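A look at the structure
One letter stands for each residue in the lines below.
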Amino acid sequence: MGQKGAETRTRLLDATQELIEGGGYFGAGLNQVIAASGAPRGSLYFHFPGGKEQLVGESVRRAGQEIGSAMAELAGAGSSAEEFVAGVLDWLGERLEESGWRKGCPVATVALEMAATSDPLQEVCSEVYTGWEAALRELLGDRPDADDLAVTILALVEGALLLARAHRDREPLRRVRRRIAVLLR
């Protein structure tokens, strides 16, 4: 694929990610993706012959990797688990607020809407969450409760993002941050 093709593919993925985060799977219709990306309709099917399911799956995977990279950068700063989680919550809160409360978790909406009806999308969502859990587990070190704690932290963060978005207020993120700090002691 040439540079122009790679740029078109990236524009399609970018547009899909924006639409999914703002309106979920059903808010990211192919016509909206084409309009938002400026790509010709034929390019969509050339780059994503599996149609919308493939496009959304790759977009969710890519968004998950972007968040995972941000998490890795925060973890690489040599912070404690408590400082790491606080940094992730702050970063996600800023991202959410700066987007006008549209950019919560790029995986959650698709997981809620499609995991029961689309095996490929369920697998992608599971893959992303598994990666995030593994990153948290690694940060927790050799704690005997690391597996349970990693899942608990992820669930608390996801829930806080949902509540923050619903309330258009970062207070749920701050409250979860305080509770996680207690769990990590």
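In short, a report on the structure. (Residues numbered from 1 in each chain as written. Predicted model: local features only at pLDDT ≥ 70, side-chain atom pairs only at ≥ 80, totals over all residues. Heavy atoms only, no water.)

**Observations concerning the overall build of the protein**
Looking only at helices and strands, the protein has nine helices and zero strands in total. The C-alpha atoms of the protein give 17 Å as radius of gyration, which agrees with the globular expectation for 185 residues (16 Å, within 12%). Along the first, second and third principal axes, the C-alpha atoms of the protein reach 55 × 35 × 35 Å. Within the span of the protein, comprising 185 residues, buried residues form 46% of the whole. Here the analysis covers contacts within the protein between residues at least 6 apart in sequence; of these, 67% occur between residues at least 24 apart. For the protein, the exposed area adds up to about 9,600 Å²; of that, 52% sits on carbon and sulfur atoms. (Helix = DSSP H or I, 4+ residues; strand = E, 2+ residues; numbered from the N terminus. Rg over C-alpha atoms; globule rule 2.2 N^0.38 Å. Buried < 20%, exposed > 50% of the residue type's maximum accessible area, 1.4 Å probe, protein only. Contact = heavy atoms within 4.5 Å. Areas by Shrake-Rupley, 256 points an atom, 1.4 Å probe, with all protein chains shown as cover.)

**Some remarks on the pattern of salt bridges**
As enumerated under the stated definition, the model contains 14 salt bridges in all. Arginine 143 is paired through a salt bridge with aspartate 145; the nearest N and O atoms lie 3.0 Å apart. By relative accessible area, arginine 143 is classed as partly exposed at 25%. For glutamate 171, the salt bridge goes to arginine 178, with nearest N and O atoms at 3.6 Å. Overall, glutamate 171 belongs to the partly exposed group, its relative accessible area being 23%. Several salt bridges share partner residues, and in doing so they unite Asp169, Glu171, Arg174, Arg175 and Arg178 into one network. (Salt bridge = Lys/Arg side-chain N within 4 Å of Asp/Glu carboxyl O.)

**A word on the environment of valine 110**
Within the secondary structure layout, valine 110 lies in helix 6 (residues 108–114). Judged by relative accessible area, valine 110 falls into the buried class, the value being 1%. Separated by 15 residues in sequence, valine 110 and cysteine 125 have C-alpha atoms that sit 7.6 Å apart. Discounting chain neighbours no more than four positions away, the residues touching valine 110 are Ile20, Val56, Val60, Ala115, Leu121 and Cys125.

**Side note on the packing of helix 1 (residues 3–23) against helix 4 (residues 51–75)**
Interhelical geometry of helix 1 versus helix 4 gives an angle of 80° and a closest axis separation of 9 Å. Relative to helix 4, the element helix 1 lies roughly perpendicular. On helix 4, the residues touching Arg9, Thr10, Leu12, Leu13, Asp14, Thr16, Gln17 and Ile20 of helix 1 are Leu55, Val56, Glu58, Ser59, Val60, Arg62, Ala63 and Glu66. Considered class by class, the residues forming the contact of helix 1 with helix 4 number seven nonpolar, four polar and five charged. (Axes fitted to C-alpha atoms, helices over the stretch in contact; angles between N-to-C directions. Parallel < 35°, antiparallel > 145°, perpendicular 65-115°, else oblique. Nonpolar A, V, L, I, M, F, W, Y, C, P; charged D, E, K, R; others polar.)

**What to know about the packing of aromatic side chains**
Centre distance and the angle of the planes are the two values used to describe a pair of aromatic rings. Enumeration according to the criterion identifies two aromatic pairs in this entry. Measuring from ring centre to ring centre gives 5.2 Å for tyrosine 25 and phenylalanine 26, while their planes differ by 85°; the resulting arrangement is edge-to-face. (Phe/Tyr/Trp six-rings, centres within 6.5 Å; stacked < 30°, edge-to-face > 60°.)

**Let's talk about the side chain of serine 37**
Mapped onto the fold, serine 37 is located in helix 2 (residues 30–37). Look at serine 37 and you get buried, because its relative accessible area is 8%. Of note is the side chain of serine 37, whose polar atom sits 3.1 Å from the backbone nitrogen of alanine 39. With residues up to four places along the chain from it excluded, the contact list for serine 37 reads Arg11, Leu12 and Ala15. (Polar contact = N/O pair within 3.5 Å; in protein donor to acceptor, adjacent residues only side chain to side chain.)

**Considering the packing of helix 4 against helix 5 (residues 81–98)**
Interaxial distance between helix 4 and helix 5 falls to 9 Å at its minimum, and their mutual angle equals 140°. Taken together, the axis directions place helix 4 and helix 5 in an arrangement best described as oblique. Crossing of helix 4 over helix 5 shows right-handed handedness. Here Ile67, Ala70, Met71, Leu74 and Ala75 of helix 4 lie close against helix 5, whose contacting residues are Phe84, Gly87, Val88, Trp91, Leu92 and Arg95. Classifying every residue of the contact of helix 4 with helix 5 by side-chain character gives nine nonpolar, one polar and one charged. (Left-handed = near helix turned anticlockwise from the far one by under 90°.)

**With respect to helix 9 (residues 171–183)**
Helix length check: helix 9 (13 residues) gives 19 Å between terminal C-alpha atoms against 18 Å at 1.5 Å per residue, within 8%. Of the residues making up helix 9, those classed as buried are Pro172, Leu173, Val176, Ile180 and Ala181. Structurally, helix 9 contributes buried residues whose contacts are with helix 5 and helix 8 (146–167). (Expected span 1.5 Å × (residues − 1).)

Limitation: the analysis is restricted to geometry and does not speak to function.
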